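Coordinate inspection notes
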Amino acid sequence: MHVDVITIFPRMFDSVLGSSILKRAVEKGKLSVKVHNLRDYAEGRHQNTDDTPYGGGAGMVMKVEPVVKCLKAVEKKKKGYKILLTPAGKTFDQKTAKKLSGKKNIILVCGHYEGFDRRVEDYIDEEISIGDYVLTGGEIPAMLIIDAVSRLLPGVLGNAESIKYESFMEELLDYPHYTRPADFKGKKVPAVLLSGNHAAIAAWRKEEALKLTKKNRPDLLVRTEKKTRTAVRRTGS
Ligand code: ADE
């Protein structure tokens, strides 16, 4: 997959792309990311990318011309699925990550201040928010999307199991994990995990995932509770 990013803070991407699994994905040729400085496409001595809002009010608005010019230059080389990061977009989730992981090229446009001049909507395919809160800009949301999408690309994660478990994740939170020591200051690892009984372990994990989902994310259970209960019963908890 190739990702183009359009931003006024290109350096913000250095550490995320230069570390851990994303770094390895780039080295293995599974992912390439090119970060474009929006300021390079702005006119005038100060190369302003923002201006005061028509109609008055607080804050600044990002200008439409630089982003349209930048998109044109980027798409001259590679056409892509164009996403604007904005708190006013559709909420990003695992399903959207999966959808995007099927695209060859995506272009992420990072907003700032009070957002872009609305006319930018005619030049993009989708508006995405990463959640119901307002950040200082679209860079962290863009990195989050790159991370969530890249790990779904074939060959990026070392362990095939991690992806297999993903379909389970869409309905329930992950089950609790434990590693050595078996006893930490009197807090013991659940005995079933040391039993070697794989059916009992699988049933315990499903039951615990269900409990945790009920406690932390009851909204996930509204649609799927019945289905999950049947599955838990079938594995014999
Ligand atoms: N820019 C500022 N806040 C954002 C959010 N929650 N999602 C996407 N882009 C943003």
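Data block above holds the structure.
Below or above, wherever it landed, is the structure these notes cover. (Residues numbered from 1 in each chain as written. Predicted model: local features only at pLDDT ≥ 70, side-chain atom pairs only at ≥ 80, totals over all residues. Heavy atoms only, no water.)

It is worth spelling out the site of the ligand at this point. In the neighbourhood of the ligand, the contacting residues comprise L85, T86, P87, I128, S129, I130, G131, Y133, V134, L135, G137 and P141. One of the backbone N or O atoms of G131 is found 3.3 Å from a nitrogen atom in the ligand. In isolation the ligand exposes 260 Å². Once the protein is present, 96% of that is buried. Sorting the residues of the shell around the ligand by element identifies β5 (81-91) and β7 (126-129) as the ones contributing at least two each. The leading source of residues in the shell around the ligand is β5, at three residues. Here the shell around the ligand is composed, by residue class, of eight nonpolar, four polar and no charged. (Near = heavy atom within 4 Å. Polar contact = N/O pair within 3.5 Å; in protein donor to acceptor, adjacent residues only side chain to side chain. Areas by Shrake-Rupley, 256 points an atom, 1.4 Å probe, with all protein chains shown as cover. Helix = DSSP H or I, 4+ residues; strand = E, 2+ residues; numbered from the N terminus. Nonpolar A, V, L, I, M, F, W, Y, C, P; charged D, E, K, R; others polar.)

Bringing helix α3 (residues 64-77) into the picture now. Taking 1.5 Å per residue as the helical rise, α3 with its 14 residues ought to reach 20 Å, and the 21 Å between its terminal C-alpha atoms agrees with that figure. For α3, the full list of buried residues reads V64, P66, V67, C70, L71, V74 and E75. The arc enclosing the buried residues of α3, seen along the axis, measures out at 165°, which places them on a common side. Seen from the open side of α3, the exposed residues pointing more than 90 degrees away from its buried face are K72 and K76. Residues of α3 that are buried sit in contact with β1 (2-7), β2 (32-37), β4 (61-62), β5 and β6 (105-110). (Expected span 1.5 Å × (residues − 1). Buried < 20%, exposed > 50% of the residue type's maximum accessible area, 1.4 Å probe, protein only. Arc of directions from axis to C-beta. Contact = heavy atoms within 4.5 Å.)

Take the nonpolar core next. Grouped together as the largest cluster of nonpolar side chains are 27 residues, with contacts concentrated most on V3, F13, L100, L108, I145 and I146. Counting residues per element, the ones that place at least two in this core are β1, α2 (20-27), β5, α4 (94-101), β6 and α5 (139-150). The contacts of F13, once residues within four sequence positions are left out, are V5, T7, V35, C110, E139, A142, M143 and I146. By size, the runner-up hydrophobic cluster in this structure holds 15 residues, among which are I6, M62, L84 and V120. (Core = buried A, V, L, I, M, F, W, Y, C linked by side-chain atoms within 4.5 Å.)

With that settled, the discussion passes to the pattern of salt bridges. Where side chains of opposite charge bring their charged atoms close, a pairing between them can arise. Using the criterion set out here, one finds twelve salt bridges in the structure. Here R118 ties to E127 by a salt bridge, and the two come within 2.7 Å at their closest N and O atoms. A residue is classified by how much of its surface remains accessible, and R118, at 46% relative accessible area, is partly exposed. A relative accessible area of 19% places E127 in the buried class. The shortest N-O distance in the salt bridge between K188 and D183 comes to 3.7 Å. Each member of the salt-bridge network shares a partner with another, and the members are E75, K82 and D125. (Salt bridge = Lys/Arg side-chain N within 4 Å of Asp/Glu carboxyl O.)

Coordinates in, geometry out; function isn't part of it.
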